[in-house]
Every structure is written in structure tokens, then in C-alpha cells.
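Spelled out from the first residue to the last, the chains are:
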Amino acid sequence: MNKLIRLYNQNRLLVIAIVIIIALILIVIYTLNALAAEMQEKRSNERSNLKDNNIDKTAISQKDTSAITGEKVENNESNIQTIKRFIEYCNEGKYDLAYDMLSNECKTEVYPSLERFKTIYVDRMFNIKRMYTLENWYSSLYYDTYFVKYIEDILATGNVNSENNMSDYITVDKRGNKNYLNISNFVGYSNVNKSQTINGITVNVNKIYMYIDYTVLDFTVKNATNKMIKLDTKEKQRTMYLYDGNSIKYEASLNEIADEVLKIREKNQMNFKIKFNKMYNPESRAIKGFGLKDVVLNYENYIEGAEEKEQIEFDIKV
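One structure accompanies this document, and this report is about it. Treat the numbers as computed from the prediction; the structure is a model and nothing was measured.

Regarding its fold elements, the chain presents eight helices and 15 strands. Among the 318 residues that make up the chain, the fraction classed as buried is 37%. Taking as baseline every contact in the chain between residues at least 6 positions apart, the subset at least 24 positions apart corresponds to 58%. Accessible area for the chain stands at about 18200 Å²; split by element, carbon and sulfur atoms hold 49% of it.

Set out below in C-alpha cells:
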């Protein structure tokens, strides 16, 4: 006993320091446990409140009118159920079933393979469980377009402050007996099949593909002459464009196309899909025509400086 007392007296400061350190550690542990318990209780309450408010993987706007035009959307409930089923398939990893819900045009133009759809859309949008909000945007004869915001499923993760949100425009294609979907801002298409022939050159407008932010024109050019032609020299702006009923022009994105692609050899034809800066709006400014103002018939001699430019113009009503 005397030895212990003597040892204590010799190391009194060290013993007191150890006791204080142990006490501080216990206090910190207790505080952290208390904070963790409080946070857990808060999350449980938030989840309970969400369940009480009947939020079940979705937070759907039930309005049956367009947020843009104010017009009533017919068969709104059917549209909502179609989109809901698509999102459920994506959340559950059933991307093959989700892919089957896409229209043939969406598959051809945007996701030509199941693997591409999985990699680019599902793996990016649904790398976590998603809830969503849905808002009516546009309604037309064949297409109803919705703005969809994908948000983190806080019932699954408990992360109530997540900023991992993404969005898309999803369109319900009503052309057939069954609803199909167009996604990734692709709205739909219209068949045109209008043509014009001048000096042995025939331009046929096949289809117009509509996206939320732009329009793609599918057209074919047949060169029946004995010379190479150039569809556009890019020497001036707005020489290839779409126009609406008010004669407003929407320019082609020719900067995205190599010069070589715009050359068409003699006795040959080529198909083009070119983007134009025409945003989608079914209620106004419908496309009325396609203009080509810089088609060069003698391109090789012109570019070599041997001849003046022999130029023709097309104006095709669509």
C-alpha cells in the first residue's frame, strides 16, 4: 500500500493528466452518441412525415393543364401512368422493359441499341433510386410533353439535403393504339415528303424531327448532272434555313458539318440530317418551308477560280 502511495506521489501530475484525458474522451463519445441519436430521430420523423403525406417514390403534379399554354391535356392520367411505369422499370434495373416502352423513332434516332440506352440514360439518370416531379408542358394531336425532374429517393437514402437532381423532357407518343415514350428531349417527328427539282438537282424533304431545343431536317439531294455540286459553300450566313409562317428564319448548324460532306458528286445522291436552331413549340411558329440559297452547280471550276459561281436556290414548302 505504501508503495502505491509513494508511486502516486511521485507521478501525481501524470495520473491526473491521464484521468482528465479519459474523462474528456468519455464526454466526447457521449456527445457524439447523443448527436447521432438526435439525427437519427430527425430522419425517422422526416421519413414518417413523407409517408404520412403519401409520397411513394413519386411527387407528381396532378394538374391536367399545360404549364406553357394553359390548355387541358387529354388522357392525362393515362400519360402519367405510362411515365410512372417507365421510371419504375429504370429504378428496378429492368432497363430492357423500359427500352421496350420507347417509340421506334426514339430508338432509331436517339438510342439505337439497348446497351446504348442502358449506358447513356439508365446508368446516368438512375445511378441512385429516384423519385420525380412531373409537369405538363405541351400538348398536341400526337404528342404530350412533360418536364420531368429526377430527385434522390430520400425514403431509400435518408439524404434530405441531396443536390443530386437531374431532368428530362419525356413525350408520350399517341400515334398508335398504345402509348410509347420519347425521351432525352426528343419530342417526335412529322412526315413531309415534299420535293423540288431545278437544273437536274432534286431536293426531297423526308421528315422533320423535333427536339425541345432544336429541329433536325432529314432530306435527300439527287445530283443528276455531270458535275460535282456543293450544297452550301458557307461563304455567307443563313443560306440554309427553315422558316415559319411569319418568315422568321432558323439557321442550319453548318459549323457541325465538314465541308466534304456537303459535296455531291455527279450522278449521285446523298441523305442529310442537319440540325436547325428551331425550338419546339406546337402552339405557334410552325415550320412552313426549307430554304437553300447557295447550291453551287459548278463547284470544282468555281473553287479553282476558272468560272464564276453558278448558283441556284430552292424553296420547298413543308
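So that's the structure; there's more coming.
Before going further, it helps to spend a moment on the packing of aromatic side chains. The description of two aromatic rings rests on the distance between their centres and on the angle between their planes. If you walk through the whole model with that rule in mind, you get 20 aromatic pairs. Their ring planes at 50 degrees and their centres at 6.3 Å tell us that Phe 86 and Phe 117 sit as a pair that is tilted. Remark: Phe 117 occurs in helix α6 (residues 114–125) and Phe 86 occurs in helix α3 (residues 76–91); sequence separation between them is 31 residues. With a relative accessible area of 0%, Phe 86 lands in the buried category. Assessed through its relative accessible area of 0%, Phe 117 is described here as buried. Summarising the aromatic geometry, the rings of Phe 117 and Tyr 121 are spaced 5.8 Å apart at their centres and angled 15 degrees between planes, so their arrangement reads as stacked. You can see Phe 117 and its partner Tyr 121 sitting in helix α6, four residues apart, about one turn around the helix. Across the pair, Tyr 121 and Phe 117 agree in class, each one buried.

Core analysis: the largest hydrophobic core is formed by 68 residues, its most contacted members being Phe 86, Phe 117, Tyr 121, Tyr 150, Phe 219 and Phe 290. Here Tyr 121 is in contact with Phe 86, Tyr 111, Arg 116, Phe 126, Tyr 150, Asp 168, Ile 170, Ile 183 and Ser 184, once residues within four sequence places are set aside.

As a further point, take the sheet that holds strand β13 (residues 268–276). In space, the four strands of this open sheet follow the order β6-β7-β8-β13, with antiparallel pairing throughout. Looking at the sheet topology across the chains shown, the edges are occupied by β6 (186–198) and β13. The sheet shows a mean angle of 15 degrees between the axes of neighbouring strands, taken without regard to direction.

About the thresholds
Within each chain, residue numbers correspond to sequence positions counted from 1 in written order. Thresholds applied to this predicted model are a pLDDT of at least 70 for local features of residues and 80 or more for the giving and counting of side-chain atom pairs; totals over whole chains, interfaces and linings are not thresholded and use all residues. Side-chain measures here rest on the full set of heavy atoms in the structure, leaving out hydrogens and waters. Each helix corresponds to a stretch of at least 4 residues labelled H or I by DSSP, and each strand to a stretch of at least 2 residues labelled E; elements are numbered beginning at the N terminus. Summary of the burial criterion: residues with accessible area below 20% of their type's maximum are buried, those above 50% are exposed, and those between are partly exposed, where the area comes from a 1.4 Å probe applied to protein chains only. We call two residues contacting when some pair of their heavy atoms lies within 4.5 Å. Surface accessibility in these figures is a Shrake-Rupley result with a 1.4 Å probe; residues are shielded only by whichever protein chains are displayed. Centre distance within 6.5 Å is the pairing criterion for rings of Phe, Tyr and Trp, where only the six-membered ring of Trp is used; planes under 30 degrees apart are then read as stacked, over 60 as edge-to-face, and the remainder as tilted. Side-chain atoms within 4.5 Å are what join buried Ala, Val, Leu, Ile, Met, Phe, Trp, Tyr and Cys residues into a set we call a nonpolar core. Two strands are said to pair when DSSP picks up at least two bridges between them. Lines fitted to the C-alpha atoms define the axes, with helices restricted to the stretch that makes contact. Angles between their N-to-C directions range from 0 to 180 degrees.

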